[in-house]
Amino acid sequence: MNKNQKRLALMGLAASMLLFLSGCVSLDKSGNPTGWVWNLLGRPMSHVITYFADNLGLGFGLGIIFVTIIVRLIILPLGLHQSRSAAYQAAKREYLAPILEPINERLRNAETQEEKMAAQSELMQAQRENGLSLMGGVGCLPLLIQFPFFSALYYVTLLVYSKITSSGLTLVTVTSH
């Protein structure tokens, strides 16, 4: 596979991942959430919030808070990986600054288009040789993986809120003993 075919395949994979991981939650005619993200993530979250509110007597507000904390703990490894990669690339960029700064200076001071192209090519070559990522080592895949969780959590919160307001309940149950 040549370079252009690899790029095309990677772009196709990225586009399909974007469509696959972008949420896919919609509302039906009666206003209830539907879709595979709702069925896979949203419905179980809704049941957990209802369990916290009804069976444990914590109220819907605390149920939403607890489910949000659980979701954040589930996706915490992705966030940590993203932060670690970004910090590594920043440290690498700082370490390579003496090599890259003269090239950047030539790029800034270039007067003709050919000089700019040559300096930019030299900069990209130096970054490639030293393993420096132009994206900062972060990429967008961790963000795309997190998106369905937050999309489902958003629709769960809307559904729970509509249940609360239609039944006259409060977000937090206050009991006195």
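Small disclaimer: the values here were computed from a predicted structure and weren't measured.

Conventions used here
Throughout this description, residue numbers start from 1 for each chain and increase along the sequence as written. With the structure being a predicted model, the display of local features is reserved for residues of pLDDT at least 70 and the display and counting of side-chain atom pairs for 80 or more, all residues being used for whole-chain, interface and lining totals. As a rule here, side-chain values cover all heavy atoms of the structure and leave hydrogens and water aside. Helix and strand assignments come from DSSP, with helices taken as H or I runs of at least 4 residues and strands as E runs of at least 2, each series counted from the N terminus. A 1.4 Å probe rolled over the protein chains alone gives each residue an accessible area, and that area as a share of the maximum for its type sets the label: buried under 20%, exposed over 50%, partly exposed in between. Any two residues having at least one pair of non-hydrogen atoms within 4.5 Å are treated as being in contact. Method for areas: the Shrake-Rupley scheme with a 1.4 Å probe, in which residue coverage is limited to the protein chains shown. Residues belong to a common nonpolar core when they are buried Ala, Val, Leu, Ile, Met, Phe, Trp, Tyr or Cys residues joined through side-chain atoms within 4.5 Å. Each reported salt bridge corresponds to a side-chain nitrogen of Lys or Arg within 4 Å of a carboxyl oxygen of Asp or Glu. Any Phe, Tyr or Trp ring, taking Trp's six-membered ring, that has another such ring centre within 6.5 Å forms a pair; planes under 30 degrees apart are called stacked, those over 60 apart edge-to-face, and the others tilted. A patch is a set of surface residues, each over 30% in relative accessible area and not in a salt bridge, joined within 9 Å for like charges and within 5 Å for the nonpolar side chains Val, Leu, Ile, Met, Phe, Trp and Tyr. Axis lines are fitted to C-alpha atoms, over the contacting stretch for helices. Their N-to-C directions set the angle, which ranges from 0 to 180 degrees. Reported orientations rely on four angle classes, namely roughly parallel under 35 degrees, roughly antiparallel over 145, roughly perpendicular from 65 to 115, and oblique for the rest. Should the near helix be turned anticlockwise from the far one by less than a right angle, the crossing is left-handed, and should it be turned clockwise, the crossing is right-handed. Helix span, expected: 1.5 Å multiplied by one less than the number of residues in the helix. Taking the helix axis as origin, the arc is that swept by the directions to the C-beta atoms.

Draft legend 1. The arrangement of the overall build of the protein chain in detail. For the protein chain, the helix and strand inventory stands at 6 helices and 2 strands. For the protein chain, the α and β elements follow one another from N to C terminus as α-β-β-α-α-α-α-α. Across the 177 residues that make up the protein chain, the buried fraction comes to 27%. Considering only residue pairs separated by 6 or more positions, the protein chain has 65% of its internal contacts joining residues 24 or more positions apart. About 12,000 Å² of surface is accessible on the protein chain, with carbon and sulfur atoms providing 65% of the total.

Draft legend 2. Looking closely at the nonpolar core. Counting 21 residues, the largest nonpolar core has Met-45, Ile-49, Val-67 and Val-160 as the members making the most contacts within it. Ranked by residues supplied to this core, first place goes to helix H6 (residues 141–167) with 8 residues. Beyond its immediate sequence surroundings of up to four residues, Val-160 is in contact with Ile-49, Phe-60 and Ile-64. In terms of nonpolar packing, the next biggest core, distinct from the first, is built from 6 residues, Leu-96, Ile-103, Ala-126 and Leu-132 among them.

Draft legend 3. Region of the structure containing the pattern of salt bridges. Applying the stated criterion to the full structure yields 3 salt bridges. Where Arg-108 meets Glu-101, a salt bridge forms, and the shortest distance between an N and an O atom there is 2.7 Å. Salt bridges sharing common partners tie together Glu-101, Glu-105 and Arg-108.

Draft legend 4. The packing of aromatic side chains, seen in detail. On inspection of all chains with the given rule, the structure shows 3 aromatic pairs. Between Tyr-51 and Phe-52 the ring centres are 6.3 Å apart and the planes differ by 50°, which places this aromatic pair in the tilted class. Residue classification places Phe-52 among the buried positions, given a relative accessible area of 15%. Grouped by ring-pair contacts, the aromatic residues Tyr-51, Phe-52 and Phe-66 constitute a single cluster.

Draft legend 5. Geometry of a nonpolar patch on the surface. Side chains of Ile-65, Phe-66, Ile-69, Leu-73, Leu-76 and Leu-80 sit close together on the surface and give an oily, nonpolar patch of about 530 Å² of accessible area. By the secondary structure assignment, Leu-80 is in helix H3 (residues 60–95).

Draft legend 6. Region of the structure containing the packing of helix H2 (residues 36–55) against H3. Interaxial distance between H2 and H3 falls to 8 Å at its minimum, and their mutual angle equals 135°. Taken together, the axis directions place H2 and H3 in an arrangement best described as oblique. As H2 runs across H3, the sense of the crossing is right-handed. Residues Met-45, Val-48, Ile-49, Thr-50, Phe-52, Ala-53 and Asp-54 of H2 form the contact with H3, whose own contacting residues are Phe-60, Gly-63, Ile-64, Phe-66, Val-67 and Val-71.

Draft legend 7. Local environment of helix H5 (residues 113–129). Here H5 spans 24 Å end to end across 17 residues, near enough to the 24 Å set by a 1.5 Å rise per residue. Regarding H5, the residues found buried are Ala-119, Leu-123, Ala-126 and Gln-127. Buried residues along H5 cover an arc of 100° about the axis, so they all sit on one side. In H5, the exposed residues that point more than 90 degrees away from the buried face are Gln-113, Glu-114, Met-117, Arg-128 and Glu-129. Tucked into the core, H5 has its buried residues touching H3 and helix H4 (97–109). Just past H5, the residue Gly-131 takes up positive phi, approximately 70°.

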